[in-house]
Structure formats: structure tokens, C-alpha cells
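# Residue-level structural notes
One-letter residues, chain by chain:
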Amino acid sequence: MNHQEALTLYIAAFVAELVKSGVEDVVVSPGSRSTPMAMVMAEHPELRVHIHVDERSAAFFALGIAKASQKPAALLCTSGTAAANYYPAIVEANYSRVPLVVLTADRPHELRDVGAPQAIDQIHLYGKNVKWFVEMAPPENTAEMLRYARTVCARAASMAQRSPAGPVHLNFPFREPLVPQLDRADLFELSERADGFVNIKPGQLGLREEEYREIAESLNETSRGIIVCGPLEKVDFPEAVIQLAKKLNYPIIADPLSQLRSGMHDGSWIIDTYDSFLKNEDAKKALKPDVMIRFGAMPVSKPLTIFMKENSDARQLIVDGGGGWRDPALLSTEMVHCDETQFCESLTPSINAGKDNQYFSLWKEINHLTRSRLADINEVDELSEGKLFYQLSEMLPEGSTLFVGNSMPIRDLDTFFHFNEKNIRVMANRGANGIDGTVSTALGAGTLSQPLYLVLGDLTFFHDLNGLIASKLYGIDINILLINNNGGGIFSFLPQANHPKNFEKLFGTPLDLEFGHAITMYGGKYDLISNWEHFISTFKQNTDAKGLKVMEITTNRDKNLTEHRELWNSVSQEISRLLER
């Protein structure tokens, strides 16, 4: 049996098992050494193949697909620096718990470390940022090696999706010739175990019944408690945690990425303006908790994080279905490794209902007062970053996906995007909190989640302009709200802003770019927004339009800083007056 036949059947067995394992999408970065895998993948009728020339953008595009579907997406590239360009997205996938199956082609062993072109050390290339690494055996067409290829594939897909989800890396050494035999009628025929080689059944982390009762008994004695929900995507979690909050009479401090600020669930338990009022010392003193129950990743809000740190004497239960250690401040008194929904559903029946809770009422009253003060942003006449986010909950269509860039946009979302009943899915790259790959990740999510709106700053947009090609190639509809304050607006809120000598050079970093030219290059529709009336009319026009649409909203960094501080001061004064009564 010749090399080409062995190469073909080995890879075809792997690709067939990839589909049997639930992988529906693969993003391919064109290259030579990955030729056999790419050509076989393109032949499979049940696999959606997306071609993305820029490897960094390709990896984030796959990340977006996996984030939206909550299923593993595969990623394929050739050998050399192509694989290195996947690194940022793999880091993000690791820290944000997104399942990726990363497939890198490699030179065969005899061409390594001998000066061969496009050959770098790809063994454990991504280090501890992947859950599992396998240096694949060279292709052979024996029953044992086909079982090997299928078994590794099934394990990789299962490992990527098993909680905590994350990326896995398989490295394939291929010898030339690289072109497989695609004319075989039996290319994807599985003669053995046609429904999948091995069925892997991952379990859920949970507690014993007596442990739930012990926790419930202690919580029944505490009225000054809060539930903190950070970034978390579990379809059944919102209703479960709200039922627990009702029984406990605890407020839910809901991060914008918790998926609790939008939907048809009961919003009366949701606290959504804490980022503003927890800047007030009187409020923090009055709202001091005895117990905190936390779900999900660390919240976006720095004031909330400080509030949790300042209450280190409170009992803090961190519930993590992935069995991780999400406690950077080292505050937990109990680390509960249990599925989040299961924890709520199992604990709720043992909680005593009907407690009169003045503590909860105070949270609600302060939240209501803060909302009313933050609403003043709507009276601003000039284009404003805060006002943009305040209006989004009203303007976005039902069932939208809202992807938000890091730095100031995610923080303005936290401050001004309040509870609504529109089922708006909010997404962001909050694993490593970087600005790279934001456009590509959003477009990847847009292959499955529509209508799609992306709000980001000018530096973040510039950082991933290459990602826009996916919208043109695959007809992905996206509405981009580009906030252009000509630089890094978030640095104006940080201590280095008090040292103006080299501030603009080192941190402000103005680009002075006219983005309209780039949008034209990618075949998109571009609008430079002149005022709020123009924004509202353009937003409505773009709602039903197809393809790439960019609305550029120009703001001033200094005015933005003043506007935010005046609002926060107004909130703080009103809260202090309330608490003096």
C-alpha cells in the first residue's frame, strides 16, 4: 500500500470521526503542509469549511463560532509561524473556557532541527494554554492506526468541550506527496463502528444531599447576603439562580455578561447599577454583606471587585462547575465545585421562604435611585459614549447578539446597559481581556447569531481590520458601532492620566485614521455620524440592510471623562442624601 493511500484513509478516518464527535465548523488557514487535511475536510458534506487567510484573525473567527454555538470548532493551519499566529486566540479560549480543536500540520520528524524551511518547534507550542496536546503518529493505513486516529479525535473533541471547556492541540507530521486520493467512493466510509468509534460521557461536578442541606441551614440564618453573577453562558442558569434569589431574598448583582440583564425572566431581583453606586463610601458601608455567593468568572466592574475585597470577613462561596479557582483576591471561604444550575436547583428547596429583608430592599432602592440619575445621560446633546450604551437596550431588535470590545466599551456597557426583556445575548472576549481579534470573534459568532451588533473603540477596530474580510467572503451581516475618540480612552480614567508630560505619546496614542476607506475596501456601507438624529435614522436604516455596515461615532476623550465623573458625583450625592434620612 502506497503513501498516498495511507495518508488519505488515515486523514479521512480522522475527519469522519471529527464530524461524529459533533464538530460542524472548521476554519482553515491556507498553506501547503496542511494540504491533505484541508482537501479532505472540504470534501465532507457535513462539515462547514471557512477559509481565512490571516491566521490570527482565523483563530479568533473560530473562537467566535465556538462561543456562539458552545460546541467545539476546529482550526487548521500549515507549519511554521502560521501556528504561532493562532496563539492569542488560544490564550483567550483557555481563559474564557471556549472549546477549540486546533490542528497544526508539521514537517515530518526527519526535517526538524536540520534547517528545513517553514519548520519550527511545534511540540507543546501553546504550553499550558491548551488542555491536551498530542503529537500525532505519521499516517498509516492499518486497522490499528485508523482506530488510533479516530480515538484521538473523539478524545480531543470531548476534552475541548468537557467543563471547563478549552482548546486542545493536535500536531500532524505529514510527508510529501501531500495530495490525497479524493476520488475514492469510500472516502468517509467507516467500516467499524459507523456511528462513532467511542462514546465519551463526561459527568457533572456535584455535591451530596447532606452538603446542600448544610449550606441551606447556614444561609437560612443570614439575611444580609448577595448573589454575584459574573460572565456565564448557561441557558438554564438564569431561571435557576432567580428562583434561589427569591427564596433567599438576596439581590443578584448581575454582570452584563451573565446573561441576566436581558430576557423574560423576573428582573425584580436584578441589581444592574452597582458599578456606579459602589463608588460611594456610604453605600458600601450600608450594604456590607455577611455572605456572598458567586457564580461565573470575575465581574467586569472594578468597584464591585473592590467591594468584595473590602468585605474579606464575609463568608464567600464560589460555585464553579468547571472545577477551577476563580478567586484572584483569595477571598473564598468555600470553593464549591458543582454545576451552577444544579447547585441552585438542589439548594432552593431547602431554603426557608418568606423572610422580610430590609437589606434587600435597600439594595433595590439604591439601584432605582442610581438608574434615575444615570438616565440624565440621555439629555446630553453631543455624541456621547455613555448615551450610546444607554440607548442600546431600547434600540436593539429583539433577540439581538451584542458583542462588545474591551477597554471603555465593556465598562460603559456595565454602567449604562440596564435590565430589559428583549433576550439580548451579550458577548465579549473577557478571558485575557485583550483588544486583539475582536472583529473576527464577533463575525465568527455572527455565522450563528443574528442580528449581530458590535460596539468597539478605534484602537480595537484598527487592531483587527483584517477580520472584516470574513463579512465580505461569507456574507455575514454585522452592524458595527465604531466609537472613535482617537486613542485609548480608558487611560484617561487611570492614574497615569495625572502625569501629562508623555501621556498622549505613551497612552493616548491617537491614530488620526479615516476608517471610511477601509470599509469601502471590504465592500461595506460606511456612515460618519454627525448627531443623534443622524445616528437614530442610520441605525434604523441599517437594521434590515445586509452585509457590513459601520457607523462611526466621533467623541472627545476629555469630555467623556468629565461627563462620567459628573454623573458619578451626582449619583454619589443622591445616595448619601438617601442614607442620611
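We now turn to the structure provided with this report. Counting starts from 1 at the beginning of each chain's written sequence and moves along it residue by residue. Given that this is a predicted model, residues contribute local features only at a pLDDT of at least 70 and side-chain atom pairs are listed and counted only at 80 or more, while totals for whole chains, interfaces and linings are drawn from all residues. To get the side-chain values, all heavy atoms of the structure are used, and hydrogens and water are removed first.

## Overview of a nonpolar patch on the surface
What counts is decided by this rule: Excluding any residue in a salt bridge, patches collect residues exceeding 30% relative accessible area, merging like charges within 9 Å and nonpolar Val, Leu, Ile, Met, Phe, Trp and Tyr side chains within 5 Å. Exposure was quantified through the Shrake-Rupley algorithm and a 1.4 Å probe, taking into account, for residues, occlusion by the shown protein chains and nothing else. We define a salt bridge as a contact between a side-chain nitrogen of Lys or Arg and a carboxyl oxygen of Asp or Glu at a distance within 4 Å. Helix numbers and strand numbers start at the N terminus; a helix is a DSSP run of H or I with at least 4 residues, a strand a run of E with at least 2. Per-residue accessibility, obtained with a 1.4 Å probe over protein chains only, is compared with the maximum for each type, and a residue is labelled buried under 20%, exposed over 50%, and partly exposed between these values.
Residues Ile 51, Leu 473 and Tyr 474 make up a contiguous nonpolar surface patch of about 250 Å² in total accessible area. Mapped onto the elements, Ile 51 comes out in strand β2 (residues 48-51). The exposure class assigned to Ile 51 is partly exposed, which follows from its relative accessible area of 35%.

## As for the sheet that holds strand β18 (residues 548-554)
Selection criterion: When DSSP finds at least two bridges between two strands, those strands are taken to pair. Lines fitted to the C-alpha atoms define the axes, with helices restricted to the stretch that makes contact. Angles between their N-to-C directions range from 0 to 180 degrees. Should any heavy atoms of two residues lie within 4.5 Å, those residues are counted as being in contact.
Judged by pairing direction, the sheet is parallel, and its six strands sit side by side in the order β14-β13-β15-β16-β18-β17 without closing on themselves. Sheet topology places β14 (425-427) and β17 (525-529) at the edges, where each strand pairs with a single neighbour. Going from strand to strand, the sheet's axes swing by 15° on average, the running direction of each strand aside. Where β17 and β18 come together, five bridges link them in parallel fashion. Residue pairing for β18: Lys 525 is matched across the bridge by Lys 549. Set on the sheet, helix α14 (residues 385-395) makes contact with β13 (401-404), β15 (452-457), β16 (478-484) and β18; between it and β16 the angle comes to about 155°.

## Quick word on the packing of helix α3 (residues 55-69) against helix α16 (residues 438-446)
To be explicit about the condition: Our angle categories are set so that under 35 degrees counts as roughly parallel, over 145 as roughly antiparallel, 65 to 115 as roughly perpendicular, and the remainder as oblique. Each crossing is labelled by how the near helix is turned from the far one, with a counterclockwise turn of less than a right angle marking it left-handed and a clockwise turn marking it right-handed. Any residue outside Ala, Val, Leu, Ile, Met, Phe, Trp, Tyr, Cys, Pro, Asp, Glu, Lys and Arg is labelled polar, Gly included; the first ten of those are nonpolar and the last four are charged.
Here α3 crosses α16 at 40°, and the two axes come no closer than 6 Å. Between α3 and α16, the crossing angle belongs to the class labelled oblique. Handedness of the α3/α16 crossing: right-handed. Every residue of α16 that contacts α3 at Ser 57, Phe 60, Phe 61, Leu 63, Gly 64, Ile 65, Lys 67 and Ala 68 is listed here: Ser 440, Thr 441, Leu 443, Gly 444 and Ala 445. A breakdown of the residues in the contact of α3 with α16 according to their chemical character gives seven nonpolar, five polar and one charged.

## A few points about helix α8 (residues 237-248)
Heads up, the rule is: What a helix is expected to span follows from its residue count: subtract one and scale by 1.5 Å.
The end-to-end C-alpha separation of α8 is 16 Å, in line with the 16 Å expected for twelve residues at 1.5 Å each. Burial in α8 covers these residues: Phe 237, Pro 238, Ala 240, Val 241, Ile 242, Leu 244, Ala 245 and Leu 248. On its buried face, α8 sits against α7 (209-219), β7 (225-229), β8 (252-254), β10 (291-295) and α12 (340-347). Directly after α8, the chain includes Asn 249, whose backbone phi takes a positive value near 65°.

## Brief notes about the sheet that holds strand β9 (residues 270-271)
Spatially, six strands are ordered β9-β8-β7-β10-β11-β12 in an open sheet, and the strand pairing comes out parallel. For this open sheet the edge positions go to β9 and β12 (334-336), each flanked by a neighbour on one side alone. Pairing of β10 with strand β11 (residues 315-319) involves five bridges; the strand directions are parallel. Its bridge partner lying in β11, Arg 294 is registered against Ile 318. Across the sheet, α12 is in contact with β10, β11 and β12; its angle to β10 comes to roughly 140°.

Read these as layout, nothing more, since geometry by itself doesn't imply function.
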